[in-house]
Amino acid sequence: MVILIVISLILLAVPLHDLVRRPTFRRLAIRNVLRRKTEAAIVVLGAALGTAIITAAFITGNSFDQSIRNIAKTDLGPIDIGVEIEDATEVAQVRDAVVGDGLPGTDGVLSSVSIGTSVVHPDAPGGQRAEPQSRITEFDIDEARDFGGRPDDTGLAGVEAIGEGETVIVQRLARTLDAEVGDQLTVFAYGQEIPLTVTAITPTRGLMGSAEMVVVPGTIEGVLATAGPGAADARPPSGTVLISNNGGIFDGANGSDAIVDEVVDRVEAFDGVEVGPWKQELIEDAEATGTELSTLFTGIGSFSVIAGILLLVNLFVMLAEERKTEMGMLRAVGLKRNHLTRSFVLEGAAYAALSAVVGAIGGIAVGWGIVQATQSIFADDDGVLDFTLAIRPETLVVGGLVGFVIAGVTAWLTSLRISGLNIISAIRDLPNPRSASRRLRSLVAGVAGVALGVLLTVIGYGNPVAVLLMMGPPIALLSAITLISRFLPRRPVVLVLAGLALVYGATVFQVFPEQMEDGDIEVFVVMGVVLTAAAVAIVTALDKFWGRMISASGGALAPRLALAYPLNRLFRTGLLLGMFSLVIFTMTFITALDGTFSGQGPTFARDLAGGYDMQVRSNPANPITVEDLEGQPGVERVATIQRGFPELRPAGTPEEDSEGWAIAGINDAFLEGGVPLLTERDPAYGSDVAAYEAVLADPSLIIVNTFLGGDDGGPDSGSDIEPGDQLILRDPVSARETEMTVAGVYGGDFVFFGSFASAEAVQTHLDISFPSRHLVKVADGLDAQEVAADLTGRFIANGGDAETFTDAVNEEVQAQSGFFSLMRGYLGLGLLIGIAGLAVVMVRAVRERRRQIGMLRAMGVTSPTVRGAFLAESGFIALQGIIIGVALGLVTSWSVITSSDSFGDEELSFTVPWLALVLIVAIPLVAVIASTVVPAMRAASIRPAAALRIAD
Amino acid sequence: MKTQATRVGSVSDHRSTADSELGAKVVSQPAPSPHAGGQPILSARGVRKIYRTGSHDVEALRGVDLDIGAGELMMVMGPSGNGKTTLLNCLSGLDEIDEGTVHVDGEEIHSMADAKRTQHRAERMGFVFQSFNLIPVFSAIENVEIPLLVGGATAKVARVKARDMLDRVGLGDRGGHRPTELSGGEQQRVAIARALVSEPAIVWADEPTGNLDSHTAEAVLELLGEVHDAGQTLVIVTHDRSIGARGQRLVQVRDGSIAYDGPPTILENA
């Protein structure tokens, strides 16, 4: 922020000085602003949209950060550190060890035991209601209320102690079960039904956020004591010792590291105990996610911001052209070049300052829209992750300052350019002659551009830095145009060099796959700018071709007029095209990705499912058995998976690089009827099935998911994990480490299998033997979805939850598609800039061409022809921009999807989303033409005599 | 029909100093022939034009009666701000009038709808202005083609005719140049070619040499003279007496009325 303030002050220094000390400049600037109030307002709004987009990106980051942080309140409250104990019977001992003679830096220690359950409210007002995936936790409520010294934070303020057969539940669960205080619930665990009466319902907060149902200590032990033989297959209860640090909910987490170290030392004697700084990790995750999303939205939004900059430049150039004669006169009567610059800058600074304020406020509205849209796409059904708008005051300041700096720098640079007018040419309204100094400047700029491009290429390739490698060659090629066209005809030079830049931009991922591998959103932004700049240069260099097309098209005057102006104002037309094509390119790219992924749903499901149709999850404390399922109608075959959560890291990397990554223990039944498709496998295995068979036979083999090794949560080795690689599997509870060899890699993991190893390996390495999931093959001819619904209903007591692979994949694909839609909506703001910008340009064009329109009307050109010419002109520019954007978007997305593994190793078949593309073309085109109707009507209504202003 | 002499008398108290001497002589002139050049192709009666500018109205034309004969070379003169250009605009159909009638070849042009009057202008009127008013994004030949294209000619026919016309004005080799690549005199020649190309009934030229140096102006006037000699009806608005003296007929406009309508010989006596 300090840097932004300093830059802003530098940009403002001269305008502020002139505002106070130079009355002539002040008068010129203010009167020029007020001269055309509506257009001044539109200039401010155009610049404000860019600021709004930037501010909204920051606000989105704030909101995600804050929303995730809120989980610290709802799920943790006073809990800062958690000690997980595998053997719940050791909870009391572990707690004693933790407390010892006192634990410095803490203000509370609480122990609890919990089990997963399913719960039913049989007498719910509308009929029986159930929550298959719940849990009961036992702790002493009186003790828990004082945990951390702040009862409100625990969620238990005002809650009375409970007795046997009673429970306190959270609002979230009460809503699901439609339960009230006094209602009787039935909990299923270890094959038993436990009746519990609700004595209190608490907000979803603090201790009650994670403990959905609280029962009196001893309840779980009692259930286990009377459990049947099936309990041996169920997951045993787990114990936890919770620690509250000194301080509040958020600041208390700061001292966690030292306390964790101390607690680790104190519990060293116990096996199966894991200590973690839960809240600190959560806050770090929140900050990382907030920053990541802020970066993503800023990156995507930067396309719109660049479009806004192009609009500003265009408007300033038009302003300058409109005032060319008077500027020439001002120069003639003694105003120096820098005076002209300063009067323009003063005017620009006024627009920039106003737009910064308006944009920052508008950013709140845009941010709110994004948060609402995101909420509808990603919000947790349970309401655990509740996205809410969060605005930090500094965010508004930074957003406004960034917008001001962008508009201010644009105003400065444009003012410098337009003040370089030739006095005589300006007064006589002739084109500026090419002076020796201008030629020299262009030579210097060309040489500097080529040198910079080469330098960036060398650095980008050597280090490697993807963004530098992306921008280096195009900068050199496009800069070389000014140099080579001194000796050769400009048009072919532009076509060749811009063509090379275009080809490079579209194929760089294939040309330099390794160097481009780590490219982030900024690479995509630069790629968009490179491609559109090159394409616009090519299209504008083809003006002769368009001219011939007009002639060949016949005699109609409207199209001639429509094309003549854009083709004779190539700089301005180029800016407009760039503005449009950049945003359309990004929209097309995202739409093509969306279409491709959405279209792959059935393929993803088939590749993942192997020989099964669905997975069935159940309550670990009251699991569904294979035998239970095999006896059900419609079930042809069942395979069981034991699921664990080890930590994985590539062999040879330090322990801190380990990341939690699920693993599924499979058995022979898993292989019946097919296996999840492998994208890569060790050449030693002749088929995918052979690779899975090898995994079953050898506990040291593992099949991993393609995202392991990427940036998506798995251990990052700096490159993809490949068959033959060695991984270290670490049991977080026992800290035992095992070396595993990668036998193969599979693609999209939409049901979170994680990695595959044999059930024997999972039991050996992680000591997990109870079934976590079952895979079910439905009998031929039956509808898998119907069977899934039937199974879910039949196994309510076991917390049964059956879901077909198709549904699971579709759910993920739809969420992804929803996010793409959000991105498109966000980009729509850039399109708004383009549409509004073109409308403003046409409004100004009407004024600029008033005399010419008058002359045309005098010669008998009808009003409809004038109107048609204006509509066709804006349509022509928009259509060109749209075609460039769509073509580049399709080529780039095709290139990335078919030739790059940026989206995983799966073979994706590129799908052209025709309907969406039609909308991408039609909506902006119609909007542009609609927005030009008013200026076109105004042009058509110009009275020739008035426009010609023939002085008597 | 009201006589010109009556009108002259009614405005004689408002003469400007520059033209007072001429005005005094005008009063003494007999009413001239209304259409010295032949049968009138334009006949204006009682034309009034009022500019409404906020709080007060300005009567720019006060019931003007005027006939223009076919093949005539008529010069319109008068002090600045007295209605010369307004007269041109109203008679040519560029501007609306508040009262009166203007018949061109028997058709009343101000009772026509805008579209029809526009078509009428395209077919029957040509214009040359002081500031050329060429379309800057079109080449010279493309500018000349415009009236033909408006009139419905095919692109090919328009191109041939436009090239011929540019040849006639001596710019056959400059057809591909844009207006900014031409000198002032060349631009005005293009404008004249554009005004003539559709063979209009009347060509209206408003200060056609106002932006030109004397040498170039002379060349343009010669060109216009040749055009008239070829039978073209020409109305030239000018404030230059030497140009006014070249016409067959001189119309003096003063305070929105015709102060004199007769041979330009009076300029020689001024």
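Residues numbered from 1 in each chain as written. Chains lettered and ligands numbered in written order. Predicted model: local features only at pLDDT ≥ 70, side-chain atom pairs only at ≥ 80, totals over all residues.

1. A closer look at the overall build of chain B
Phase 1 of the analysis: From N to C terminus, chain B includes 10 helices and 10 strands.
Phase 2 of the analysis: Split into buried and exposed, the 270 residues of chain B put 53% on the buried side.
Phase 3 of the analysis: Sequence separation of 24 or more characterises 70% of the internal contacts of chain B that already satisfy a separation of 6 or more. (Helix = DSSP H or I, 4+ residues; strand = E, 2+ residues; numbered from the N terminus. Buried ≥ 20, exposed ≤ 12 C-beta atoms within 10 Å, placed from the backbone. Contact = placed C-beta atoms within 7 Å.)

2. Thoughts on the confidence of the model for chain B
All names here are of chain B.
Phase 1 of the analysis: Put simply, chain B has an average pLDDT of 82, and 85% of its residues get 70 or more.
Phase 2 of the analysis: Taken together, the stretch residues 1-37 has pLDDT below 50 and engages in 64 contacts with residues farther than four places along the chain or on a different chain.
Phase 3 of the analysis: Taken over the whole predicted complex, pTM reads 0.75, whereas the ipTM for its chain interfaces reads 0.80. (pLDDT = per-residue confidence, 0-100.)

3. Examining the interface of chain A and chain B
Phase 1 of the analysis: With 26 residues of chain A at the contact, the number on the chain B side is 32 residues.
Phase 2 of the analysis: Among the elements of the structure, α22 (557-568), α30 (850-858) and α33 (944-948) of chain A are those that each provide at least two residues to the side of chain A that touches chain B.
Phase 3 of the analysis: Per element, the largest residue contribution to the side of chain A that touches chain B is five residues, and it comes from α30(A).

4. Comments concerning the pairing of strand β6 (residues 125-129) of chain B
Phase 1 of the analysis: Most of β6(B) sits inside the fold, with five of its five residues counted as buried.
Phase 2 of the analysis: Where burial is concerned, the two faces of β6(B) agree: the one with M125(B), F127(B) and F129(B) and the one with G126(B) and V128(B) are both buried.

5. Looking at the sheet that holds strand β1 (residues 40-53) of chain B
All names here are of chain B.
Phase 1 of the analysis: Taken together, the four strands give an open sheet; going across it, the order is β2-β1-β4-β5, and neighbouring strands pair in antiparallel fashion. The two strands at the open ends of the sheet, each matched to only one other strand, are β2 (56-69) and β5 (107-108).
Phase 2 of the analysis: In terms of strand pairing, β1 meets strand β4 (residues 99-104) through five bridges, oriented antiparallel. Within the sheet, the bridge partner assigned to R45 lies in β4 and is T101. (Pairing = 2+ DSSP bridges.)

6. Brief notes about the environment of I590(A)
All names here are of chain A.
Phase 1 of the analysis: Within the fold, I590 resides in helix α23 (residues 570-599).
Phase 2 of the analysis: Once the C-alpha coordinates of I590 and G889 are considered, the two residues, 299 residues apart in sequence, prove to be 8.2 Å apart.
Phase 3 of the analysis: Here I590 is in contact with F820, M823 and R824, once residues within four sequence places are set aside.

7. Digging into the pairing of strand β8 (residues 233-237) of chain B
Residue and element names in this part refer to chain B.
Phase 1 of the analysis: The element β8 is largely enclosed, with a buried count of five among its five residues.
Phase 2 of the analysis: Because side chains alternate across β8, one face comprises the buried residues T233, V235 and V237, and the other comprises L234 and I236, equally buried.
Phase 3 of the analysis: Across five bridges, the pairing between strand β7 (residues 202-206) and β8 is parallel. Its bridge partner being in β8, W204 is matched across the sheet by V235.
Phase 4 of the analysis: Read from β7 through helix α8 (residues 214-229) to β8, the crossover connection turns out right-handed. (Right-handed = clockwise from strand over helix to strand, strands pointing away.)

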